[in-house]
Amino acid sequence: MFTVNFQPMPADPNRRIVARLLLVSRAAALVVAGIGAFVLVGWVGVVSAAAQSAPAEKEPRDLTELSVEELANVEVSTAGKKPQKRSEVAAAIYVITQEDIRRSGATSIPEALRLAPGVIVARVDSNKWAIGTRGFPSRLSRSLLVLMDGRSVYTPLFAGVYWEVQDTPLEDIERIEVIRGPGGTLWGANAVNGVVNVITREARDTQGMLVSAGAGTVDRGFSSFRYGGRWGENNAYRVYGKFFNRDPGFHAAGNNFDDWRMGQAGFRSDWELNPRDHFTLQGDVYRGESGQRVSFTILSPPSVATVQQNADLSGGNVLGRWRRALGNDSEAALQFYYDRTDRDEPTFREIRDTFDLDFQNRLRLGRHHDLNWGAGYRLSSGEFTGVPTIVFRPARRTDHLFSAFLQDGITLIEDRLTLTVGAKLEHNSYSAWELQPSARVLWKPARRHTLWAAITRAVRTPSRVEHDLESTSLLEPVTPTFSRFLGDRNFVPETLLSQALGYRVQATDQLFLDLTGFYNRYFDLLSIEPGTPFFEATPPPPHLAVPVTVRNGMEGRTWGAEAALDWRATGRWRFKAAYSFLRVNLSRKPGSLDVGTEKSTEGSSPRHQFSLSSFANLTRNIDLDVTLRYVAELVSQGVPQYATADARLGWRPRPPWEIAVVGQNLFAGHHLEFGGGNAGRTEIRRGVYLQLSWRH
């Protein structure tokens, strides 16, 4: 294989200078954008403060102040698309609170997800992650549905989530609800192995000013600014801006390509129009650069080019949600959002626009029925341009998704036994009609004990990568011989039939335990099937092509268990622990010739994961928090088992100020968490940062 360094304009020195100036100006623009956002929101804050004095921010309650019973009954909304106590949810749900995030020292949403049991979070390099629930971790988390305040961030181009652009100030997150297992009955296709819903705080809970800044050995610099105020007695708003600059990971070969920087600004406003109506309007814009190293094939010698340059990432969204209380635990809600993403990578560019409209109505019918129904429509249109060996046909495609769901929560015995049945019907542009039913039962034999069981069908619908992609890769340069990857419009949805059983118990006033077991059967999983080689004269030079086509040639089973424990040892000291055991067993269907997918998938999921967190208030003003993590080996990724730790020391010398020192990945100078593909392996470095926050 030949490797060449990519230069955008190699022939003309003047153009090269211009290119460098453009790169410098681009970086400068990012800095200016970040500073500008801060100045803007600062100006808004000062003006607003002059007009009206805003009350101070509502502080999240300290973890050690919450009783175990309060934690068990924290309100969640993702599992049933309605407010519920966690103890009354017939699903494997875990809640990462604002205080969990703050005291963990996490600097991004993927890092915060490490706190949940059954969630696999592996850092590929400085700006990419491989994340999955109950197995199947991948760069884009293809079987996991991720929501930001109810807005889906699933991209149908490569079937998944670009985690590096899913950002919001962590201080504004109310909680992250993680459902392990399918959620397609309410949330639709692609909620196969789990749902992650990031829920931000209402504007009335983020009043006043917050300024935070820090720097460290890996996180070179970061800062954020937020101001919250009021319009009138019942309307509140906030605006924010943030910026960060992160160093690359550890590269044994010295290819420090994966540095990362991004700026983001946004707003949220909540109006209490009257005692019955509530309206929310929120939006974000972002722009960033993430360093990449990509090798791609060219048909003429030297056949392979290696590009090392930044991907330009930008986008924005706006979301509106109206809710009307109808009385007697009934409610109607209408939500719309528009999302635009512009992703310009070294080998391709995609601009995508998404419009989504969703209506939901919850009705209390008599004493025994809690009916929840809704309908939605989504339009997603994307245009792709790429290098000649990576082609989507057609280059521009617009997809339509129509959906409707109905679910009934039936009280069989008051406060004891509940049955929930429902189904979602969808029509999509790839596989037409899909049905995703579920049945769940919850039994509370005593006040502190909950047993639940569920059986669910979920699907992952095809995407452009499976239907429209045609890409070419070099196999052998002398002949020359190329592999030709071909999408197939006969590819059908991957299907899951999931069975789960759970038990929650508040064993004592200090101890809460949550246990789950599951057994999943997968049908029509993706396989890569080789075809008959053929010669091609065009494009020149003449070469041999070996076709490989996407098919549904795999099936499989997964089973395992998950445990989460919360123990309040003393009034000042709390422990949280999580453990998950997972087995993945895939097999080829008759006729399949795929020889790689089975072992590569099975060997990408750790059999065991364990974490233990300690949150201690040493004094009234000093916190010491430590989290230990263990992850078993990933055989097919060549990743050995590892253990590591994060620690945070927080000090509040005076009420508006907080100083924190955080160490991450402390047990080794660097360690590997996932394979890096053709970019080569990147190890995650140990890092320490100092953060200073001021709230008023």
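All of these numbers come straight from a predicted model, not from anything done at the bench. (Residues numbered from 1 in each chain as written. Predicted model: local features only at pLDDT ≥ 70, side-chain atom pairs only at ≥ 80, totals over all residues. Heavy atoms only, no water.)

As for the overall build of the chain
Line of reasoning, step 1. In terms of helices and strands, the chain carries seven helices and 37 strands.
Line of reasoning, step 2. In terms of overall size, the chain behaves like a compact globule, its C-alpha atoms giving a radius of gyration of 25 Å where 696 residues would be expected to give roughly 26 Å.
Line of reasoning, step 3. With the C-alpha coordinates of the chain rotated into their principal frame, the extents come out at 75 × 55 × 45 Å.
Line of reasoning, step 4. A sequence separation of at least 24 residues applies to 62% of the contacts in the chain between residues at least 6 apart.
Line of reasoning, step 5. Total accessible area on the chain stands at roughly 29,000 Å², and carbon and sulfur atoms take up 61% of it. (Helix = DSSP H or I, 4+ residues; strand = E, 2+ residues; numbered from the N terminus. Rg over C-alpha atoms; globule rule 2.2 N^0.38 Å. Contact = heavy atoms within 4.5 Å. Areas by Shrake-Rupley, 256 points an atom, 1.4 Å probe, with all protein chains shown as cover.)

Description of the pattern of salt bridges
Line of reasoning, step 1. The final tally for this structure, using the stated rule, is 57 salt bridges.
Line of reasoning, step 2. A salt bridge links Arg238 to Asp172; the nearest nitrogen and oxygen atoms lie 3.4 Å apart. Of this pair, Arg238 sits in strand E12 (residues 235–246) while Asp172 sits in the loop between strand E7 (151–152) and strand E8 (173–180), and the two are 66 residues apart along the sequence. Each member of the pair, Arg238 as well as Asp172, is classed as buried. (Salt bridge = Lys/Arg side-chain N within 4 Å of Asp/Glu carboxyl O. Buried < 20%, exposed > 50% of the residue type's maximum accessible area, 1.4 Å probe, protein only.)

Looking at the nonpolar core
Line of reasoning, step 1. Of all hydrophobic cores here, the largest spans 69 residues; its most connected members are Ile96, Ile109, Leu113, Trp163 and Ile176.
Line of reasoning, step 2. Ranked by the residues each element gives to this core, the list is headed by strand E6 (residues 144–148), at five residues.
Line of reasoning, step 3. Excluding its chain neighbours within four sequence positions, the residues that come into contact with Leu113 are Ile96, Val119, Val121, Ile131, Trp163, Ile176, Val178 and Val196.
Line of reasoning, step 4. With 17 residues, the next largest nonpolar core counts Ala92, Trp452, Phe518 and Tyr522 among its residues. (Core = buried A, V, L, I, M, F, W, Y, C linked by side-chain atoms within 4.5 Å.)

Examining the sheet that holds strand E9 (residues 194–200)
Within a beta sheet, neighbouring strands are joined by backbone hydrogen bonds and run either parallel or antiparallel to one another.
Line of reasoning, step 1. Spatially, five strands are ordered E3-E8-E9-E6-E7 in an open sheet, and the strand pairing comes out mixed. Two strands in the sheet have a free side with no partner beyond their single neighbour: strand E3 (92–97) and E7. (Pairing = 2+ DSSP bridges.)

Considerations on unusual backbone geometry
Line of reasoning, step 1. Pro539 follows Thr538 through a cis peptide bond whose omega is -5 degrees.
Line of reasoning, step 2. A positive phi angle, near 60 degrees, is found at Asp415, a position not held by glycine.
Line of reasoning, step 3. Relative to the elements of secondary structure, Asp415 occurs in the loop between strand E20 (396–413) and strand E21 (417–428).
Line of reasoning, step 4. According to the relative accessible area criterion, Asp415 is exposed, its value standing at 64%.

As for the environment of Ala578
Line of reasoning, step 1. Among the secondary structure elements, Ala578 is positioned in strand E30 (residues 573–588).
Line of reasoning, step 2. A relative accessible area of 7% places Ala578 in the buried class.
Line of reasoning, step 3. Along the backbone, Ala578 and Ala112 are 466 residues apart, and their C-alpha atoms lie at a distance of 14 Å.
Line of reasoning, step 4. With residues near it in sequence (within four places) discarded, Ala578 still touches Pro117, Ala563, Ala564, Gln609, Phe610 and Ser611.

Side note on the packing of aromatic side chains
Line of reasoning, step 1. The final tally for this structure, using the stated rule, is 17 aromatic pairs.
Line of reasoning, step 2. Relative to Trp260, the ring of Trp129 lies with its centre 5.8 Å away and its plane at 70 degrees, an arrangement referred to as edge-to-face. Placement of Trp129 in strand E5 (residues 128–133) and of Trp260 in strand E13 (residues 260–272) is noted, with a sequence separation of 131 residues between them. The same class applies to Trp129 and to Trp260, which are both buried. (Phe/Tyr/Trp six-rings, centres within 6.5 Å; stacked < 30°, edge-to-face > 60°.)

What to know about the environment of Tyr154
Line of reasoning, step 1. With respect to the secondary-structure elements, Tyr154 resides in the loop between E7 and E8.
Line of reasoning, step 2. In sequence terms Tyr154 and Leu140 are 14 residues apart; their C-alpha atoms lie 9.0 Å from each other.
Line of reasoning, step 3. The contacts of Tyr154, once residues within four sequence positions are left out, are Arg142, Leu144, Leu145, Ala159, Gly160, Val161, Asn190 and Arg460.
Line of reasoning, step 4. At a separation of 3.4 Å, a polar atom in the side chain of Tyr154 contacts the main-chain carbonyl oxygen of Arg142. (Polar contact = N/O pair within 3.5 Å; in protein donor to acceptor, adjacent residues only side chain to side chain.)

Points about a nonpolar patch on the surface
Line of reasoning, step 1. A surface patch of nonpolar side chains, about 460 Å² in accessible area, is lined by Leu618, Leu624, Leu649, Val661, Val688 and Leu690.
Line of reasoning, step 2. Assessed through its relative accessible area of 33%, Leu624 is described here as partly exposed. (Patch = residues over 30% accessible without salt bridge, like charges linked within 9 Å, V, L, I, M, F, W, Y side chains within 5 Å.)

Considering the side chain of Thr461
Line of reasoning, step 1. Residue placement: Thr461 occurs in the loop between strand E23 (449–460) and helix H6 (464–467).
Line of reasoning, step 2. Taking relative accessible area as the criterion, Thr461 reaches 9% and is therefore assigned buried.
Line of reasoning, step 3. The residues contacting Thr461, other than those within four sequence positions of it, are Ala189, Asn190, Asn428, Ser431, Glu434 and Pro493.

Thoughts on the pairing of E3
Line of reasoning, step 1. Along E3, six of the six residues are buried, which leaves the element largely enclosed by surrounding structure.
Line of reasoning, step 2. The two faces of E3 match: Ala92, Tyr94 and Ile96 on one face and Ile93, Val95 and Thr97 on the other face are all buried.
Line of reasoning, step 3. As paired strands, E3 and E8 are joined by six bridges and run antiparallel to one another. Of the residues in E8, the one forming a bridge with Thr97 is Arg175.

Here we look at the pairing of strand E10 (residues 208–216)
Line of reasoning, step 1. Burial along E10 is one-sided: the residues Gly208, Leu210, Ser212, Gly214 and Gly216 are buried and none of Met209, Val211, Ala213 and Ala215 is.
Line of reasoning, step 2. As judged from the seven bridges shared by E10 and strand E11 (residues 219–231), these two strands associate in the antiparallel manner. In the strand pairing of E11, Met209 is matched with Tyr227.
Line of reasoning, step 3. Here E10 folds back onto E11, and the loop between the two strands holds two residues.
Line of reasoning, step 4. Sheet analysis places E10 next to strand E37 (residues 687–695), joined by seven bridges and oriented antiparallel.

What to know about the side chain of Thr168
Line of reasoning, step 1. The topology assignment puts Thr168 in the loop between E7 and E8.
Line of reasoning, step 2. When residues no more than four places from it in sequence are discounted, the contact partners of Thr168 are Met148, Ile173, Thr200, Tyr240, Lys242 and Gln264.

Some details on the confidence of the model for the chain
Line of reasoning, step 1. Summarising the model, the chain shows a mean pLDDT of 89, and 91% of its residues fall at 70 or more.
Line of reasoning, step 2. A low-confidence stretch, residues 1–54 stays under pLDDT 50, and its non-local contacts, those more than four residues away or across chains, total 53 contacts. (pLDDT = per-residue confidence, 0-100.)

Description of the environment of Gly249
Line of reasoning, step 1. Summarising the element assignment, Gly249 is placed in the loop between E12 and E13.
Line of reasoning, step 2. A relative accessible area of 12% places Gly249 in the buried class.
Line of reasoning, step 3. As a C-alpha pair, Gly249 and Arg681 span 432 residues in sequence and 9.7 Å in three-dimensional space.
Line of reasoning, step 4. Residues in contact with Gly249, not counting those within four places in the same chain, are Ser126, Asn256, Asp258, Thr682, Glu683 and Arg685.

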